[in-house]
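So you can see what is in the structure, the chains are spelled out below.
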Number of protein chains: 4
Amino acid sequence: MKLKDLFIKTRKDSEALCAPLETEDYVVQPHPNVSPPKWHLAHTTWFFEQFLLVKYAENYQEFHPDFGFLFNSYYNNMGERTLRQNRGFMTRPTVTKVYEYRRYVTDAILKLLDYNPIDEVLKLVEIGINHEQQHQELLAYDIKYILGTQPTFPVLGEIFKLKEATQVQEWLSVSEGIYEIGYQGDGFCFDNELPVHKVYLETFEISNKLTNNGEYLEFIQDGSYDNFNLWHDEGWHFIQNNHIKHPLYWHFIDGAWYHYHFNGLEKLNPNLPVSHMSMYEAYAFAAWKGMRLPTEFEWEIAASQLNWGQLWEWTNAAYQPYPGFTEAEGALGEYNGKFMMNQTVLKGASVATPKGHERPTYRNFFHASSRWVFSGIRLVKK
Amino acid sequence: MKLKDLFIKTRKDSEALCAPLETEDYVVQPHPNVSPPKWHLAHTTWFFEQFLLVKYAENYQEFHPDFGFLFNSYYNNMGERTLRQNRGFMTRPTVTKVYEYRRYVTDAILKLLDYNPIDEVLKLVEIGINHEQQHQELLAYDIKYILGTQPTFPVLGEIFKLKEATQVQEWLSVSEGIYEIGYQGDGFCFDNELPVHKVYLETFEISNKLTNNGEYLEFIQDGSYDNFNLWHDEGWHFIQNNHIKHPLYWHFIDGAWYHYHFNGLEKLNPNLPVSHMSMYEAYAFAAWKGMRLPTEFEWEIAASQLNWGQLWEWTNAAYQPYPGFTEAEGALGEYNGKFMMNQTVLKGASVATPKGHERPTYRNFFHASSRWVFSGIRLVKK
Amino acid sequence: MKLKDLFIKTRKDSEALCAPLETEDYVVQPHPNVSPPKWHLAHTTWFFEQFLLVKYAENYQEFHPDFGFLFNSYYNNMGERTLRQNRGFMTRPTVTKVYEYRRYVTDAILKLLDYNPIDEVLKLVEIGINHEQQHQELLAYDIKYILGTQPTFPVLGEIFKLKEATQVQEWLSVSEGIYEIGYQGDGFCFDNELPVHKVYLETFEISNKLTNNGEYLEFIQDGSYDNFNLWHDEGWHFIQNNHIKHPLYWHFIDGAWYHYHFNGLEKLNPNLPVSHMSMYEAYAFAAWKGMRLPTEFEWEIAASQLNWGQLWEWTNAAYQPYPGFTEAEGALGEYNGKFMMNQTVLKGASVATPKGHERPTYRNFFHASSRWVFSGIRLVKK
Amino acid sequence: MKLKDLFIKTRKDSEALCAPLETEDYVVQPHPNVSPPKWHLAHTTWFFEQFLLVKYAENYQEFHPDFGFLFNSYYNNMGERTLRQNRGFMTRPTVTKVYEYRRYVTDAILKLLDYNPIDEVLKLVEIGINHEQQHQELLAYDIKYILGTQPTFPVLGEIFKLKEATQVQEWLSVSEGIYEIGYQGDGFCFDNELPVHKVYLETFEISNKLTNNGEYLEFIQDGSYDNFNLWHDEGWHFIQNNHIKHPLYWHFIDGAWYHYHFNGLEKLNPNLPVSHMSMYEAYAFAAWKGMRLPTEFEWEIAASQLNWGQLWEWTNAAYQPYPGFTEAEGALGEYNGKFMMNQTVLKGASVATPKGHERPTYRNFFHASSRWVFSGIRLVKK
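Residues numbered from 1 in each chain as written. Chains lettered and ligands numbered in written order. Predicted model: local features only at pLDDT ≥ 70, side-chain atom pairs only at ≥ 80, totals over all residues. Heavy atoms only, no water.

Undergrad: Explain helix α5 (residues 119-148) of chain C here, please?
TA: Each α-helix winds once per 3.6 residues, and so residues spaced three or four apart point in a common direction. In a regular helix each residue adds 1.5 Å, so 30 residues correspond to 44 Å; α5 of chain C covers 43 Å between its end C-alpha atoms and thus fits that length. Counted residue by residue, α5 of chain C has 23 buried out of 30 residues, so it is predominantly covered. (Helix = DSSP H or I, 4+ residues; strand = E, 2+ residues; numbered from the N terminus. Expected span 1.5 Å × (residues − 1). Buried < 20%, exposed > 50% of the residue type's maximum accessible area, 1.4 Å probe, protein only.)

Below, the structure written as C-alpha cells:
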C-alpha cells in the first residue's frame, strides 16, 4: 500500500475501532496501565502534529496550544507532561473536540504529503503510522478492560475472536547452531529489532500450538495457584497480594466457568487458546507441565514453522538491547531504549495486531505482571 | 411549597445544575471524595426507587435489575454495593440512560403521590427530597473539583458566586448560661439535630463576618504553612504529606495569586471570604490570630445575630450524638449515626445550599482534611 | 511524698519496669505507635535535661551533643527530630549508654534540687515526673506489644494482672443538672484538665462494672464482626482492612480461645474484664447490647460511685479543649493542645497507671483504632 | 582446604564479622532488604540443622522446636515461615541464645563429619558452607547499612577497604566469535552457573578499571540526576520517587562531599572506585559517558584480562536460566531458579566476598534498585 493510503487507512482504523463506544467509555482509566480511548486518539494525533507539522508544515498553526502537553506520553523532551495516572480525570477536551483535532491534523498531513515531502518527512510519517498502529492494539486491550470490568458486562460486538487451538499436538525441532536474529527486510522495523546479529542456540523442541483453556483449567484444578513451587518468587507474591486465582476475565459463577470477550460473558470454551494471563502464570503453567517457555531467539528462529498470530506469546526473555543497539537522536530516541529494564518480551502477534506488524522479528514487551494484554502460552520441552 | 411541587422542583434542580456539563464531565472521580455527577443523579433516584417504589407502589417494576446495587452508597442493608472508589470507572449505564431512569422514577413517584398516599410514604418522600438536596450541594462541590482540576480551567458560568465580606469588624457577645440546642420547629430536620437538649455555655465573643482572602493571604505570607506551632499534629502531617501551601483552587502564576471558580481562573479578590481550606487550616489561621473557632453550640446560639449563608463555617466540634440520640430503624438508620467518629461539624450554609436547608440547627460534617467543601472561617475571641 | 523522693522513685520505677527485659527487647518498634523501651528511658531523661538542666543548672554540660535531637519526640520547638517511625532502627546509643545517661541526668537534677531551686524549677520537675509517669504506662503497653507479638510468647512475670469483674450487675443513676468538670484540687494536673467549667447533663444510668471476656465472647459468637449495622463507618473499614475478628492478644488455637498477658499465653478467663479493643469495637459492643458508652463528662461525674482503675474506659467523647483552655508558652505548650483532633478520650486508670495519676479529671486520649492500650468497656443505658 | 576445616573456618568467619557489634546492632531491620545480623547467624545454622542434621544425624534432637520456622527464609517447602519484613521485630531468641544454637549445630555437624559420612552429606555440607559464605557477604552489606543509617555514624573498624582505582585508562579488546560460558572446574559451583553452553559475542572493548568517585562526581555535577534522557523509564521514576541525588552513604555537608564506610564518615576520596549505586545509576552514568555496561557474557569472557574483585560490577544483563538449566529437587531447588525474574546480574566479587567465591562464572544478582550492595561500574565502549 502506498504511504498516503496507508496513512488514511490507519487514521480510519483507529476511529472504526472506537465507533461502537459510548462517549463515557472514551474517558475512564480503570487501571494505571489502561489509557482512556480518547487519549489514544489524541496522542497518536499529537505525534503527527509535534514531530511533523510543527517542524515541516509551512505556516502550520497548532490546533490548540494546550494539546502539546495534554497528550504527550513519555516523550519528556517535548515538554512537561501530565501524569500518566491522571489521564482518566481529563474530561476536557471532549471526545467531539478530539475527533475535530484528528481531522485537522489528518488533513494537514495529507497536505504535507501532497507537496513532494523530503525523505525525513516520509520516514517520520511511516513511524507515525506504526506508532498509531501500536496504539490500535493497545486500544483493543484498553477497551476490553474498560468494558470487561463493568459490573454489567456490556457487549461490543463480534470482533477479535480467537480460533480454536485443536491441532494435534506436535513438537517441532530446531537444531543447535549459529543463527541470525533481527530484521533483515527492506520495510519498516523498530530500532529495537536491530542490528542483525548472531546467536548460538542449543537444540530445542517447540509446540506447534498454543495452550488452550481446557489445559489451563487442569492447571487451576490441580491447585497450582496455591503451590509456590511452580512460581517465581516475584510471581508468587504477585498472585498472593492481588488474590489472583485464574486469568483475567474468567469468572466462576454458580459452579461454572465463564469468560468475557467483546461479545459478552459466555461459557468457557476449552478449545480456545488461553489468554490474559501474566508472564508469571505462563511460567508456572510451563513448570507444572515439566516444560518451559521459549527464549525470544528460539521463537524467532522457529517462527517459520509455527502457526502464530492469535495471541502474543510470552517468552522467558528479558527485553534487552541487541549488541550494537543505538537509540535515535532526540525525542524519538526515547521510544524503546528507556524501557529495556524489567520488561519481558512477547513474540508473534494477536488477533488485535494491525496488519503489517506481524513479523517474526517484532519485539513486543510488557511487565511480567500484565494481564490485560492479548497474551498466550507456547511450550518448549525441557 | 406543597410536597409534590417541592419534589418536582428538587428533581428539576439537580438536572439544571448538571445541564451545562459535557457528557465526559459526568463520569470521572478525580478524588475518592468526589463522586461522578452521573452517580449523584442516579443515586438520588435509586433512593426513591428502593425506599418508596419497591415497597409502596403497586405492581412497580424496577427500571433495571442491576441499578439496585450499582447506585447504592453506604446503605449496606440494601444489598452488596460497588466500591466507592470505583465509581469513576463505571461508564455504563450511560448519562442518557441515567436521565431515562430519573424520568421513569420521577413519574412513578408522582403517580404514587396522586393516590392518597399513607403518611409513611409522605414522610419518606420528604426524606428523599432532603437527601437529593444534600446531594445537590455535593454536586456543586464535585463539579467544581472535576472542572477545577482540569489543566484547562474550563468555565461553567456565573453561578454560586460569593459576596464580598467587607463589613466593619464587630464582635458579638453571648452571655454565659443554659441554652437549648436542637431543632424545635414543625418542619423537616435530620435525626442528628435531635433531641433538643440543654447545654451550658461560657460567655464568648464572635465575629460578625467571615475571614476574607486578604486576611488569609497575610497568614500565608507570614510563613504559617511552615510554622508547626500553629497546627494540630495531625494537621501538620496532613499539609506536609500533601505539600499544601494554600487553599484548594488557589494558584500562584507569574508572581500573582489567582483562584478558580465556576467562572474560570481569575485574580484573587482579597475581599471575598476565604474558602476551600481544611479544618486544619482554619484552626491554624485562628491560632495565628490569637483566636479560636466557635464550638457548634456557640455558633447555633449566636446564629440569630450573625450574617451567615455564604460558606459552611468550620467549628471546633467533633460530630457526636446529642444526648438521647436514636437512629432510625433499618437502612435509613444508617444515615447519620455511623459517621459520628472523627468528623468535624460545620454550621451555617453555603451559596450552594438548597433553599430550606438553611437552618441554625443543621449539622453538616466532614473530615477535617476536606478542602473541596464550600467552607469558610469565622473567629471567636479567646 | 516530697518532690525529691517522688523524683527518685519515678526514675527507679521506670528502670524497674524494664529490668526483666533482654537487651534486644529494648530496641525494636513493631508498630508505629510502639516506641522502643530504650527510647522511653532516654526521652524521659532528655525532658529533664533540656527543659531543666540546660536552662537552670549552672555550668551544666550536656551528656552527649547528639542526644538533644535523638530523643526529642514531638517537641518541634526544641530542634530537628528524628522520624518517629524510625525509632526502631536506632541501635546506638546502646542500652548501657542510655542507662548511663539516666544516671548522669538524675544526679544533676538531684544536685539542682539540693540548692534552693526557684519555683519554676520545682514546677518543671513536677511536670517532668508526671511526663515520665505517663511514659511508664506507655512502656507497659509497648513492652506487652513487643513480647506479645513474638511468635514464641515469652513470659515476663506476674505483673499488671487484672481482677475479675464478677460483681452483680447494677445500674447507677445520675440525675440531670448542671455539673462542674475539671480539676479543682491543689495538686498537679495537666493543662487539658482546665479550666473548671459547667456542663449540663441529662439523667443517665451507668454500669457498676466493666464488660468481661465472657460477655465479649458472646458478641463475637453472635457474628458481630460481620454485621456492619453495629459499627461506625470508619470502624467497619478499620476491621475489614485489618482483618480484625477479636481483641488484640486473643488467639483461637485448636478450638479454644487464649489470651496473652505478661505471664504468657493462657486460656481465656471469661470473668476478667475484656481489654485491648479499639474504640470502634467498644462502640459496636455497646450497640449490640442496645446501650452506649458514656461521655467523658458523665464518667467524671459518676466516678465517685464507680469501681474503677482496672482499665482505661473508652468514652464516646472526642478529645477537645475545655472552654477557655490555654496552652503553655513555648515547647511545653506543644504538650496537649496539638493532639485535640480526631482523638477519643478514655477515663479512669489501668493496672499500669502510676500512682498519683488516678484522678477522675484525668483525660487520657488515643486514636479510636488503638488496641494496644490497656482499655476496657463500661456501658451506659440508652 | 579440607571440608571439615573449611566448615570450621566458615562458622568462625561469620562470628568474627559480627564480633565488634553491640547486641542492639544484631536486631534491627532498617530496610526490607536488610536482615538483622542475628537472623543471618541463625538462618545459616538452620540450614545445616534442617538439611543435614534432621535427616542424617542419628538421634539428633533439634536445638529448639520453634527455630525451624523462625529462621526459614524462602524455603517454603520446609514449613510456614515468618514474614521477611518482620524479621526486625524478633527480639527472642536473644543474640546469646543464637550463639548457643550455632555452637550446638556446629558441634553436631562436626560429629557427623567424623563418622564416614556418605557423599550426599559431604555435598550438602559443601552447599551449606557456600550458603553461609553468601550470607557473610550479605552480613557485610547489612551491617554497613545498619550502622551507616545511624544518625551518629558509628565506627566499626578498618575493614573491607577499597583500593584506589588509579591505573591508566586502557581498553581491552575481545574479538567476535563463539565462546563457552559457565563453570567448567572440578570445585563447587551453584546450579545457576550451569550448564556450560556456547554464546556468540560481537567484538567489544572493555575498561581495565572501575569508575571512580571523581568521575562519578562529574556526572552529578553535570546535572545528570535531573536529566531524564540518561535514565531508564523505571530508573527515572525510582530516583524521583526516592529523591535520590547521589550514591548511598554519600553526604553533602557544609559544602563538601563525605562518604560513610566502616571506619566512619570521611571526606570523599575521588580515587576510590565509586560504590553503592543502583543499576539505574550505573546505566545512566554509562549513557552520560556515551558508553554502556558489559553483558554478563562479555564480562565472563574478558575476566581473565581484568583486574577485578573490589566491587561487584553491574552488567546490563537480566538474570535468566542458561539453556538446559535444571533446578535441584525439593527445597534446595528453590535456591536460585525462582529469582530468575526482574533481577540484574553482577559479575566479579567485592572486598567483602569470602575467599573461594571469586570465580568468573559466579552469577550474583540483585534488583536494579539495590544500593546497599558493594557494587561498582565498569564501562564498555559503544
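Additional details are given in the paragraphs that follow.
Undergrad: Where do I start with the packing of aromatic side chains in this structure?
TA: Any pair of aromatic rings gets described here by the distance separating the centres and the angle formed by the planes. Summed over the entire model, instances satisfying the criterion amount to 166 aromatic pairs over all chains. Ring centres of F63 of chain B and Y104 of chain B lie 5.2 Å apart, and the angle between their planes is 55°; on these two criteria the pair is classed as tilted. Taken as a pair, F63 of chain B in the loop between α2 (37-56) and α3 (67-70) and Y104 of chain B in helix α4 (residues 95-114) lie far apart in primary sequence, 41 residues in all. When its relative accessible area of 32% is taken as the criterion, Y104 of chain B is described as partly exposed. Judged by centre distance (5.6 Å) and plane angle (55°), the rings of F63 of chain D and F67 of chain D are tilted. Under the relative-accessibility criterion, F67 of chain D is labelled buried at 2%. Linked through ring pairs, Y216, F219, Y225, W231, W250, F252, W257, F285 and W288 of chain A together constitute an aromatic cluster. (Phe/Tyr/Trp six-rings, centres within 6.5 Å; stacked < 30°, edge-to-face > 60°.)

Undergrad: Looking at this structure, I do not really get the packing of helix α1 (residues 3-18) of chain B against α4 of chain B. What am I missing?
TA: Between two packed helices, what matters for the description is the angle formed by their axes and the separation of those axes. All names here are of chain B. Two elements in contact, α1 and α4, have axes separated by 10 Å at closest approach and are oriented at 170°. Between α1 and α4, the crossing angle belongs to the class labelled roughly antiparallel. Contacts from L3, K4, F7, I8, R11, S14, E15 and C18 of α1 reach α4 at Y99, R102, T106, I109, L110, L113 and D114. (Axes fitted to C-alpha atoms, helices over the stretch in contact; angles between N-to-C directions. Parallel < 35°, antiparallel > 145°, perpendicular 65-115°, else oblique. Contact = heavy atoms within 4.5 Å.)

Undergrad: Could you clarify how one ought to interpret the relation of the copies chain D and chain A in this entry?
TA: Both copies of the chain are related through a single rotation about an axis accompanied by a shift along the same axis. Under the fitted operation, chain D is carried onto chain A by 0.0 Å of movement along the axis and a turn of 180°, and the coordinates agree to an RMSD of 0.0 Å. What we have between these two chains is a two-fold relation. Considering only C-alpha atoms, the part of chain D nearest the rotation axis is N342 of chain D, at 2.4 Å. The overlap is high: 100% of the interface residues of chain D also sit at the interface in chain A, so the same surface is used on both sides. (Least-squares fit on C-alpha atoms with pLDDT ≥ 70 in both.)

Undergrad: What is the right way to look at unusual backbone geometry in this model?
TA: Comment: phi is negative for the bulk of residues other than glycine, and the bulk of peptide bonds are trans. Cis peptide bonds are those with omega within 30 degrees of zero, and the linkage from R92 of chain A to P93 of chain A qualifies with -5°. Counting through the fold element by element, P93 of chain A comes out in the loop between α3 (67-70) and α4 (95-114). One non-glycine residue, N116 of chain B, adopts positive backbone phi at about 40°. Residue position: N116 of chain B is located in the loop between α4 and α5 (119-148). Given a relative accessible area of 73%, N116 of chain B falls into the exposed group. The residue D254 of chain D is not glycine, and still its phi comes out positive at about 50°. Mapped onto the elements of the fold, D254 of chain D is located in the loop between β5 (250-253) and β6 (256-261).

Undergrad: Sorry if this is basic, but what is going on with the interface of chain C and chain D here?
TA: How big an interface is tends to be reported as the loss of accessible area on association of its parts. Contacts between chain C and chain D engage 26 residues on the former and 26 residues on the latter. When residues of chain C are sorted by the area they lose upon contact with chain D, E24, F89 and R92 of chain C head the list and together hold 31% of the total. Viewed at the interface, chain D and chain C are joined by two salt bridges. Note that R92 of chain D is salt-bridged to D25 of chain C, the shortest N-O span being 2.7 Å. By residue class, the composition of the side of chain C that touches chain D is twelve nonpolar, nine polar and five charged. (Buried area = accessible area lost by both parts, 1.4 Å probe. Salt bridge = Lys/Arg side-chain N within 4 Å of Asp/Glu carboxyl O. Nonpolar A, V, L, I, M, F, W, Y, C, P; charged D, E, K, R; others polar.)

Undergrad: Explanation requested: the domain arrangement of chain A in the structure shown.
TA: Residues and elements named next belong to chain A. Once the domains are mapped, chain A shows domain 1 (3-148) and domain 2 (171-381). Using C-alpha coordinates to define each centre, domain 1 is positioned 27 Å away from domain 2. Taken together, the contacts link 28 residues of domain 1 with 29 residues of domain 2. Both sides together, the interface formed by domain 1 and domain 2 hides about 2500 Å², and carbon and sulfur atoms give 64% of it. Applying the counting criterion to the domain 1 and domain 2 interface returns zero salt bridges. Where domain 1 meets domain 2, there are eleven residue pairs in polar contact (both at pLDDT 80 or more). Looking at the side of domain 1 that touches domain 2 element by element, the count peaks at 19 residues for helix α5 (residues 119-148). (Domains from an automatic or database assignment. Polar contact = N/O pair within 3.5 Å; in protein donor to acceptor, adjacent residues only side chain to side chain.)

Undergrad: Explain the interface of chain D and chain A to me, please; I cannot follow it from the model alone.
TA: On the side of chain A, 40 residues touch chain D, which itself brings 40 residues to the contact. Taking both sides of the interface into account, the surface hidden between chain D and chain A amounts to around 3100 Å²; carbon and sulfur atoms contribute 50%. For chain D, the biggest contributors to the area lost against chain A are Y200, M341 and N342 of chain D; these three give 19% of the whole. Where chain D packs against chain A, one counts zero salt bridges. One can count twelve residue pairs in polar contact (both at pLDDT 80 or more) joining chain D with chain A. Residue assignment for the side of chain D that touches chain A shows that the elements contributing at least two residues are β3 (197-201), α7 (233-241), α8 (279-288) and β9 (312-318) of chain D. Looking at which element gives the most residues to the side of chain D that touches chain A, the answer is β3 of chain D, with four residues.

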